Amino acid sequence: MPQTIITLQTRGAGLYEFTGEAQAFVRSAGLEEGLLTVFVRHTSCSLLIQENADPDVQRDLDAFFKRLVPPSDDPSMGWIIHTAEGPDDMPAHIKAALTQVSIGIPVGARGLMLGTWQGLYLFEHRDRPHRREVVLHLGG
Amino acid sequence: MPQTIITLQTRGAGLYEFTGEAQAFVRSAGLEEGLLTVFVRHTSCSLLIQENADPDVQRDLDAFFKRLVPPSDDPSMGWIIHTAEGPDDMPAHIKAALTQVSIGIPVGARGLMLGTWQGLYLFEHRDRPHRREVVLHLGG
Amino acid sequence: MPQTIITLQTRGAGLYEFTGEAQAFVRSAGLEEGLLTVFVRHTSCSLLIQENADPDVQRDLDAFFKRLVPPSDDPSMGWIIHTAEGPDDMPAHIKAALTQVSIGIPVGARGLMLGTWQGLYLFEHRDRPHRREVVLHLGG
């Protein structure tokens, strides 16, 4: 039952792929079958499995969430109370709530059973660089 | 640790129930306790557990997501870059990001521990028919 | 492979923390490593891991979802068909679809591997009090 914590360095809002790191961890365990659980230890970034072919998909995803949840100094967001940590903080919590904190991915003999076009991403919602911890847990 | 891939044929956007297939897979394994992980291998459809009693709930859910994320040829969506695969493609990725790619359901002696009104659905976001692969992984 | 069902009593829409109950269940099992799956057996409330430091975060989260999905008697929601169970029912299903029905949390020697600011919440979307069942499943 291997388990590890990986650290991802972000440089502003957007999607950061780490499919390779997850795949390497799974393959090193040499299981025939199992389940990888990916868990992010933060509440202002999140996880996403999305298309890894056209980078425009990742840009459009980030753009959609920024339009749905603008910064708290935007006139439309005057109802937000939690503003002490900056105008990108409360929207970051909301975007995290709308996506995933935890994803389970089945593992087969060749590793993660992702579809052809699926990549695994950390979705950073804060503007400044952050060090983000992701737990990888490989179980039965 | 049984694992299988099932294929669901969709006929346009909407919810397609497969609670029965998942329940049959779990019961055939004869476990007293366990965890079923359901994982969809695509980025333009997703998974949902929702009310299985009134079909209007499923219609309203589909309608809400279509209003929240209109096709990319809608005037309000002019900011979308990824349009090459059709006006329903990028909205499909966004709706998938807003719902689930993976769901874990505890298993007891009588099978899936779903609530009385819970059904398991594939949520198709593309307009044309698609063959969709869903991995069922039963672990400890 | 311990498994239990806990009951949470809600008193209207909002976030109800149960990190303590989940942590106590995990610690009583005395595992060195594992995975806790939390699963809610309803379709009009959901699960969320969010910031546990400032209660305003929880208020803002609830406020965001109420603005995104107003009651079905709001003029903007005239397209909703499923209104028989009250104006807060269909919006509750939609908010549940936008958040989580199931969350997997890795377990280490000290219990749940949550980040410093992460709390585990039931997110009630109905106005009236409800008794809500949550399954806790601890696996390998």
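Here is a short report on the structure shown in this document. (Residues numbered from 1 in each chain as written. Chains lettered and ligands numbered in written order. Predicted model: local features only at pLDDT ≥ 70, side-chain atom pairs only at ≥ 80, totals over all residues. Heavy atoms only, no water.)

1. A closer look at the interface of chain B and chain A
To be explicit about the condition: Contact between two residues is taken to exist if any of their heavy atoms lie within 4.5 Å; hydrogens are not considered. Put simply, buried area is how much 1.4 Å-probe accessible surface two parts lose in total, over both of them, once they are put together. For this document, the term salt bridge refers to a Lys or Arg side-chain nitrogen within 4 Å of an Asp or Glu carboxyl oxygen. Here a polar contact means two N or O atoms within 3.5 Å. Within protein one must be a hydrogen donor candidate and the other an acceptor candidate, and residues neighboring in sequence count only if both atoms are side-chain atoms. Counting from the N terminus, the helices are the DSSP runs of H or I reaching at least four residues and the strands are the DSSP runs of E reaching at least two. Polar here means any residue outside two lists: the nonpolar Ala, Val, Leu, Ile, Met, Phe, Trp, Tyr, Cys and Pro, and the charged Asp, Glu, Lys and Arg; Gly therefore counts as polar.
Listed per partner, the contact involves 32 residues of chain B and 33 residues of chain A. With both chains or domains summed, chain B and chain A bury close to 2600 Å², and 63% of this area falls on carbon and sulfur atoms. Inspection of the chain B/chain A interface yields zero salt bridges. At the junction of chain B with chain A, the criterion picks out 14 residue pairs in polar contact (both at pLDDT 80 or more). Mapped onto the side of chain B that touches chain A, the elements with two or more residues apiece are β1 (3–10), β3 (34–40), α3 (89–98) and β8 (130–139) of chain B. The biggest single contributor to the side of chain B that touches chain A is α3 of chain B, with six residues. Split by residue class, the side of chain B that touches chain A holds 18 nonpolar, 12 polar and two charged.

2. Examining the sheet that holds strand β7 (residues 118–124) of chain A
Residue and element names in this part refer to chain A. As a reminder, the rule being used: We treat two strands as partners when DSSP finds at least two bridges between them. Note on geometry: axes are C-alpha line fits, over the in-contact stretch for helices, and angles between N-to-C directions span 0 to 180 degrees.
Here we have three strands laid out as an open sheet, ordered β2-β7-β4, and antiparallel in their pairing. In this open sheet, the two strands that pair with only one neighbour each are β2 (14–17) and β4 (45–51). Taking the axes of each pair of neighbouring strands and ignoring which way they run, one obtains an average angle of 40° across the sheet. Inspection of the sheet shows β4 paired to β7 by seven bridges, in the antiparallel sense. Note on β7: the bridge partner recorded for Leu47 is Leu122.

3. Some remarks on the interface of chain C and chain A
Contacts between chain C and chain A engage 33 residues on the former and 32 residues on the latter. Carbon and sulfur atoms supply 63% of the area that chain C and chain A bury against each other, a total of about 2600 Å² over both sides. Linking chain C to chain A there are zero salt bridges. At the junction of chain C with chain A, the criterion picks out 13 residue pairs in polar contact (both at pLDDT 80 or more). Ranked by residue count, the leading element in the side of chain C that touches chain A is helix α2 (residues 55–68) of chain C, at 10 residues. Considered class by class, the residues forming the side of chain C that touches chain A number 17 nonpolar, nine polar and seven charged.

4. Quick look at the packing of aromatic side chains
Describing an aromatic ring pair means giving the distance of the ring centres and the angle of the ring planes. For clarity, the threshold we go by: For Phe, Tyr and Trp, where Trp contributes only its six-membered ring, two rings pair if their centres lie within 6.5 Å, and the inter-plane angle classes them as stacked under 30 degrees, edge-to-face over 60, or tilted in between. The rule is simple: take the accessible area with a 1.4 Å probe, protein chains only, and divide by the maximum for that residue type; under 20% is buried, over 50% is exposed, in between is partly exposed.
A full pass over the atoms with the stated rule returns six aromatic pairs over all chains. Seen from their ring centres, Phe64 of chain A and Phe65 of chain A are 5.4 Å apart, and the 85° between their planes marks the pair as edge-to-face. The burial state of Phe64 of chain A is the same as that of Phe65 of chain A; both residues are buried. Centre to centre, the rings of Phe65 of chain B and Phe123 of chain B are 5.5 Å apart; their planes meet at 85°, and the pair counts as edge-to-face. Separated by 58 residues along the polypeptide, Phe65 of chain B in helix α2 (residues 55–68) and Phe123 of chain B in strand β7 (residues 118–124) bring together distant segments of the chain. The residues Phe65 of chain B and Phe123 of chain B share a single accessibility class, namely buried. Taken together, the aromatic side chains of Phe64, Phe65 and Phe123 of chain A make up a single cluster linked through ring pairs.

5. Topic: the nonpolar core
Here is the rule we go by: Joining through side-chain atoms within 4.5 Å is the link that ties buried Ala, Val, Leu, Ile, Met, Phe, Trp, Tyr and Cys residues into a set, and such a set is a nonpolar core.
Counting residues in hydrophobic clusters, the biggest one holds 81 residues, and the most contacted among them are Phe18 and Leu36 of chain A, Phe18 and Leu36 of chain B together with Phe18 and Leu36 of chain C. Formed by 51 residues, the second largest nonpolar core is a distinct cluster that contains Phe65 and Ile94 of chain A, Val57 of chain B together with Leu68 of chain C.

6. A look at the packing of α2 of chain B against helix α3 (residues 89–98) of chain C
This is how the line gets drawn: For classification, angles of less than 35 degrees are called roughly parallel, those exceeding 145 degrees roughly antiparallel, those between 65 and 115 degrees roughly perpendicular, and all remaining angles oblique. Definitions for this section: a left-handed crossing has its near helix turned counterclockwise from the far helix by less than a right angle. A right-handed crossing has that turn clockwise.
Closest axis-to-axis distance for the α2 of chain B/α3 of chain C pair is 10 Å, and the angle between their directions is 60°. Here α2 of chain B is positioned oblique relative to α3 of chain C, judged by the angle of their axes. The interaxial crossing formed by α2 of chain B with α3 of chain C has right-handed handedness. Residue-level inspection shows Val57, Asp60, Leu61, Phe64 and Phe65 of chain B of α2 of chain B in contact with α3 of chain C, the latter providing Met90, His93, Ile94, Ala97 and Leu98 of chain C. Here the contact of α2 of chain B with α3 of chain C is built from residues that sort into eight nonpolar, one polar and one charged.

Any functional reading would require information that these geometric values do not contain.
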